[in-house]
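Below are the chains, spelled out letter by letter.
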Amino acid sequence: MIKHKNLGIGYQGYQNRMEAEFMANPNPSLSTSYNTGLQTYEYNPPIVYEGDVVNPFSVTNPYLFWLDESHKQLGKIRQEAKEAFAVDNEIDSVPESAYDDALSLLEVFFHFSVPMPELSWAEDGSLTLGWYPEEGTITIGVYGDDLVIFTAFFEEKRQFEGICALSDTPMLFSFLEVLTNILM
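Engineer: Could you give an account of the pattern of salt bridges, with specific residues and numbers?
Structural biologist: Pairing of side chains with opposite charge becomes possible as their charged atoms draw close. Inspection of the entire model under this criterion finds two salt bridges. In this structure, Asp68 and Lys72 form a salt bridge, with 3.4 Å as the shortest nitrogen-oxygen distance. With Asp68 and Lys72 both in helix H3 (residues 62–87) and four residues apart, the pair spans about one turn of that helix. Among the salt bridges present, the one from Glu96 reaches Arg78, with a minimum N-O distance of 3.1 Å. In this pair, Glu96 is assigned in helix H4 (residues 96–111) and Arg78 in helix H3, connecting sequence segments 18 residues apart.

This is the structure we're talking about:
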C-alpha cells in the first residue's frame, strides 16, 4: 500500500475520503486559481452549401468543401479533355500544370469570396474559368505557364482584358477586386 506523504494514510483511503468530501458538497466553489483562467468560446458552425441547399447543421469546413468541389470539377474536365484528345489529335492536350494553376486560382477565389466559376477546356490546350452574368461574360484562360489571361465583356464601354502572372499577387488581387465587385 502506498502511503500519502502528508496524511499517513494509504492512497486508496485518501482518494475515497476526497471523493466523499466532494460528493457531500454539491456546489463547491472553485479556488481563484481555477476561476481566473476559465474562458468561454462561442462556436458558430459554418454554413455549407450542398448543391443549392444550405445545410446550417453541417460542421464541415467550407474551405475543404470548396477544395473538394474544385478537385471534382477539374477531374471531370481532365477526363473530358483526355477523351477528346484521344479522338482528335489536332486538339492540344491540356498540360497538368494548367490544372495545378487552375486549382491554385480556385483557392484564391475562395479567400476572396468569388463564386465558383464554370470550368471548361479549350482546343488550344487551356482551361477556361467563366462567369456568365446576364449583362456580360467574364473568362479567365489558364494555360499552365503561370499566366492568367482575363477578359470581361459587357457593353462596349465596359470591357477590360489583361494578362498577369499568378505570382504577381498585387495585379492578380486588383483583378479579383474588380471581379468581386462585378459578381457581387
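Engineer: Now, about a negative patch on the surface: what can you tell me, with residues and values included?
Structural biologist: A surface patch of negative charge is lined by Asp88, Glu90, Asp92, Glu123 and Asp124. Looking at where Glu90 falls in the secondary structure, it is placed in the loop between H3 and H4.

Engineer: Mind laying out the packing of H4 against helix H5 (residues 169–183), listing which residues take part and the relevant values?
Structural biologist: Between H4 and H5, the least distance of the axes is 11 Å, while the angle of their chain directions is 55°. For the element pair H4 / H5, the angle class is oblique. Here the hand of the crossing between H4 and H5 comes out right-handed. Contact with H4, carried on its side by Leu105, Val108 and Phe109, involves Leu172, Phe173, Leu176 and Leu179 of H5 and no other residues of that element. In terms of residue class, the contact of H4 with H5 is made up of seven nonpolar, no polar and no charged.

Engineer: Could you give an account of a nonpolar patch on the surface, naming the residues involved and the relevant values?
Structural biologist: A contiguous nonpolar surface patch, about 230 Å² in accessible area, is contributed by Leu147, Ile149 and Ile163. Looking at the element boundaries, Ile163 is found in strand S7 (residues 159–165).

Engineer: Pulling in residues and values, what's your account of the side chain of Thr139?
Structural biologist: Looking at where Thr139 falls in the secondary structure, it is placed in strand S5 (residues 137–142). When its relative accessible area of 18% is taken as the criterion, Thr139 is described as buried. Excluding residues that lie within four positions of it along the chain, Thr139 makes contacts with Thr128, Leu129, Gly130, Tyr132, Ile149, Phe150 and Thr151.

Engineer: Any details on the sheet that holds S5? Residues and values, ideally.
Structural biologist: Sheets are built from strands that pair by backbone hydrogen bonding, the pairs being arranged parallel or antiparallel. If you trace the five strands from one edge of the open sheet to the other, you get S3-S4-S5-S6-S7, paired in antiparallel fashion. Two strands in the sheet have a free side with no partner beyond their single neighbour: strand S3 (118–121) and S7. Mean inter-strand twist for the sheet, computed between neighbouring axes without regard to direction, equals 20°. H4 rests against S3, strand S4 (127–131), S5 and strand S6 (147–153) of the sheet, and its axis sits at about 25° to S4. Strands in contact with H5 are S4, S5, S6 and S7; relative to S7, the strand with the most contacts, it is inclined by about 145°.

Thresholds applied
Residues numbered from 1 in each chain as written. Predicted model: local features only at pLDDT ≥ 70, side-chain atom pairs only at ≥ 80, totals over all residues. Heavy atoms only, no water. Salt bridge = Lys/Arg side-chain N within 4 Å of Asp/Glu carboxyl O. Helix = DSSP H or I, 4+ residues; strand = E, 2+ residues; numbered from the N terminus. Patch = residues over 30% accessible without salt bridge, like charges linked within 9 Å, V, L, I, M, F, W, Y side chains within 5 Å. Areas by Shrake-Rupley, 256 points an atom, 1.4 Å probe, with all protein chains shown as cover. Lys, Arg positive; Asp, Glu negative; His and termini not counted. Charge placed at Lys NZ, Arg CZ, Asp CG, Glu CD. Axes fitted to C-alpha atoms, helices over the stretch in contact; angles between N-to-C directions. Parallel < 35°, antiparallel > 145°, perpendicular 65-115°, else oblique. Left-handed = near helix turned anticlockwise from the far one by under 90°. Contact = heavy atoms within 4.5 Å. Nonpolar A, V, L, I, M, F, W, Y, C, P; charged D, E, K, R; others polar. Buried < 20%, exposed > 50% of the residue type's maximum accessible area, 1.4 Å probe, protein only. Pairing = 2+ DSSP bridges.

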